[in-house]
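# Structure assessment
What follows is each chain in one-letter form.
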Amino acid sequence: MATLKSAGGPSVGVFDAGRFTAKLYSHRDHILVLIALLAIWHGLSLLLGVYWVGTPWGVAVRLYSGLLSGELLRHASYTFSEAMIGFVIGGIPAAILPFLLRRQPILTAILDPFMVGGYGSPKLALAPLFILWFGIGIESKIALVAFTVFFIVYFATQTGVRTLDPKLVQMAQVAGASESYVARHIIFPGAVPHIFTGFRIAMPYSIGGAVVAELISANRGLGYMIQLRSMNFDTTGVFVALTAVCIIVFITNWIVNFVEKRLLRWRPPSDVTAQKE
Amino acid sequence: MSVLLEVRDLAKRFATRAGREPSPWIIQGLSFSVNEGEFLTIIGPSGGGKTTLLNMIAQIDAASGGEIRFQSQLAPINDMKSLKPGLNCQIGYVTQEDNLLPWRTCLENVLFPLLVQGKLNDETRARAQTLIRAVGLAGWEDHYPHELSGGMRKRTSLIRTLVYDPPVILMDEPFGALDAQTRLQLQDDLMRLWNLGKKTIVFVTHDISEAIALGDRTLVLTRQPSSVAGEHRITIPRPRDIRGILTHPEFIELYQRIRAQVQ
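Residues numbered from 1 in each chain as written. Chains lettered and ligands numbered in written order. Predicted model: local features only at pLDDT ≥ 70, side-chain atom pairs only at ≥ 80, totals over all residues.

## A closer look at the overall build of chain B
Across its full length, chain B carries 7 helices and 10 strands. In terms of overall dimensions, chain B is globule-like: its C-alpha atoms have a radius of gyration of 19 Å, near the 18 Å expected for 263 residues. Taking all 263 residues of chain B together, the buried fraction comes to 40%. Long-range contacts, defined here as pairs at least 24 residues apart, represent 70% of the contacts in chain B between residues at least 6 apart. (Helix = DSSP H or I, 4+ residues; strand = E, 2+ residues; numbered from the N terminus. Rg over C-alpha atoms; globule rule 2.2 N^0.38 Å. Buried ≥ 20, exposed ≤ 12 C-beta atoms within 10 Å, placed from the backbone. Contact = placed C-beta atoms within 7 Å.)

## Examining the interface of chain B and chain A
Listed per partner, the contact involves 19 residues of chain B and 14 residues of chain A. Looking at the side of chain B that touches chain A residue by residue, the classes come out as 12 nonpolar, 6 polar and 1 charged. (Nonpolar A, V, L, I, M, F, W, Y, C, P; charged D, E, K, R; others polar.)

## Structural notes on the pairing of strand β6 (residues 91–94) of chain B
All names here are of chain B. Residues Ile91 and Tyr93 line one face of β6 and the alternating positions Gly92 and Val94 line the opposite face, and both faces are buried. Bridge count between β6 and strand β7 (residues 168–172): 4 bridges; the pairing is parallel. Looking at the pairing, Val94 lines up with Met171 of β7. (Pairing = 2+ DSSP bridges.)

## Observations concerning the domain arrangement of chain A
The domain boundaries assigned to chain A delineate domain 1 (15–53) and domain 2 (58–264). When each unit is reduced to the centre of its C-alpha atoms, the spacing between domain 1 of chain A and domain 2 of chain A is 29 Å. (Domains from an automatic or database assignment.)

## Some points on the confidence of the model for chain A
All names here are of chain A. Overall, the predicted model of chain A reaches an average pLDDT of 86, with 91% of residues at or above 70. Under a pLDDT of 50 for its full length, residues 1–13 has, in the predicted model, 2 contacts with residues more than four places off or in other chains. Contacts of residues 272–277 to residues separated by more than four positions or lying in other chains number 2 contacts, the stretch itself having pLDDT below 50. (pLDDT = per-residue confidence, 0-100.)

## Re the sheet that holds strand β10 (residues 228–233) of chain B
Residues and elements named next belong to chain B. Read from one edge of the open sheet, 6 strands run β6-β7-β8-β3-β9-β10, paired in mixed fashion. Every interior strand has two partners, whereas the edge strands, β6 and β10, have only one. Across this sheet, the average inter-strand angle for adjacent strands is 15°, counted without regard to direction. Pairing of β7 with strand β8 (residues 200–205), which is carried by 5 bridges, proceeds in the parallel orientation. In the strand pairing of β8, Met171 is matched with Phe203. (Axes fitted to C-alpha atoms, helices over the stretch in contact; angles between N-to-C directions.)

## Some remarks on the sheet that holds strand β1 (residues 3–13) of chain B
Residues and elements named next belong to chain B. Read across the open sheet, the 4 strands follow the order β2-β1-β4-β5; overall the sheet is antiparallel. Looking at which strands have only one partner, the edges of the open sheet turn out to be β2 (25–35) and β5 (73–74). Of the pairings in the sheet, the one linking strand β4 (residues 65–70) to β5 comprises 2 bridges and is antiparallel in character. Of the residues in β5, the one forming a bridge with Phe70 is Gln73.

## A few points about the environment of A:Val161
Residue and element names in this part refer to chain A. Following the sequence through the fold, Val161 ends up in helix α8 (residues 138–163). In this structure, the C-alpha to C-alpha distance between Val161 and His42, residues 119 residues apart in sequence, is 48 Å. Residues within four places of Val161 in sequence aside, it is in contact with Pro98, Phe99, Arg102, Ile187 and Ala191.

## As for the nonpolar core
B:Leu40, B:Ile57, B:Ala58, B:Ile159, B:Val163, B:Leu170 and B:Phe203 are the most contacted members of the largest nonpolar core, which has 75 residues in total. A per-element tally of this core places helix α2 (residues 106–116) of chain B first, with 6 residues. The residues contacting B:Ile159, other than those within four sequence positions of it, are B:Val110, B:Leu131, B:Ile132 and B:Val135. Counting residues in hydrophobic clusters, the runner-up holds 46 residues, among them A:Phe80, A:Phe130, A:Tyr154 and A:Tyr224. (Core = buried A, V, L, I, M, F, W, Y, C linked by C-beta atoms within 7 Å.)

## Quick word on the pairing of β1(B)
Of the strand pairs in this sheet, β1(B) and β2(B) are connected by 7 bridges, and their pairing is antiparallel. The residue of β2(B) that forms the bridge with B:Arg13 is B:Trp25.

## What about the packing of helix α4 (residues 56–69) of chain A against helix α12 (residues 235–263) of chain A?
Residues and elements named next belong to chain A. Running from amino to carboxyl end, α4 crosses α12 at an angle of 70°, the nearest separation of the two axes being 9 Å. Taken together, the axis directions place α4 and α12 in an arrangement best described as roughly perpendicular. Judged by the sense of rotation from one axis to the other, the crossing of α4 with α12 is right-handed. For the pair formed by α4 and α12, the contact residues are Gly58, Val59, Arg62, Leu63 and Gly66 on the first element and Thr236, Gly237, Phe239, Val240 and Thr243 on the second. In the contact of α4 with α12, the residues fall into 4 nonpolar, 5 polar and 1 charged. (Parallel < 35°, antiparallel > 145°, perpendicular 65-115°, else oblique. Left-handed = near helix turned anticlockwise from the far one by under 90°.)

Spelled out as structure tokens, the structure:
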């Protein structure tokens, strides 16, 4: 049996366990912080009472039962779709527009104050307006998310387009590249890291935007869940919904990082801690 | 030998910023010509407008006055918009910085001009491979620029220009930032490659020894506003031994004459 194991089939239990331990070990810092935070959380709930702060264990049980009944997943997927659709509707044009405006300095100058205004406007204050315009359905949430995401990605992409080394463009021109070739093969790949910076910052905001819009007026979604449960003085229930929001943010952030890592393999590791791997 | 490139009475000053004194002349009254197949080295004090001169010849910057003639074409004067960078791939330019595209590997960077010009085929690919081997980059083709040493990046940028075989190549202190040993090696490489193809090269440097060792002719430029201070024909026979040339009697004599002219 031992020889069979060392032969290394894909489903050899001992080997997997070893890998799992190793993985656990490499994340020991994360686990320690998590345990500390849970301890503080639990301490607070002991101190202030379960009525005000639900215990971590109570939240975990409710989370599990919510998942089993499908209620939590239904609301979460609603919020998730709002965020993702809004993210695409706001993010894609925002990543394209700076390229179109690159050779239009006058138009850029005209648009700039409005872009800054849109970027700085308080999104929470806009939510009621969007609900007025688009109703309490999914449309108003998508609109708010798209509006939030658009400006973040726009400015990040614009930075990428502007900070590209003009010497690389000159090099390509001397080699015979046309204007459109330069845009596609020099400006665009040079700006991709910045676009992803925008995506990475905008992703949690898109979830947050969807939740905020639901808080104000909705009949579904995690924001609605939070609103409803806080009205019923169900603190633990609110914590469950918040935990679900955090999990979604965590997953989407992981997806963006994964795609970025795949697309930007050419980049030198940006921080020293990454080099030890 | 026919004149390929001619610069006559060239003048350059950068645009004056609002509310400032008019900017000084960088170049004034600069005239010289380059013959076909010639290796011309240009030497001058730093900040003397050498890079600006090459930028104007490569048409990524416009002259303020005078003439730049390549074959029979005149470069536009004072008109940034009608510049034709690289003159339809007839002028190659190895800049001071390597300017490699960080998202392309060594090989992809070398192939970049061929890809742009639609000349990427089996024959040109083989040529690229030959060049990569000739400068000792074999085995590094799949590495990204940040994974290469300074010397390797320099070599990559050098053969990126050689690979599409432009009739004229401009070089702007390409070996300036390298250590002495790597520089000697690269000068050697460049000499070998040049002996193979006999391109027309305009090579700018601030190193007198380099100017003599590589060139057929050396121009010495004055301080700003720069013009030609002197011209020296270098008759040291080729092929030259870059390492041994320092003790050649003609070298020593040329060195002293040029030294006296460089301010």
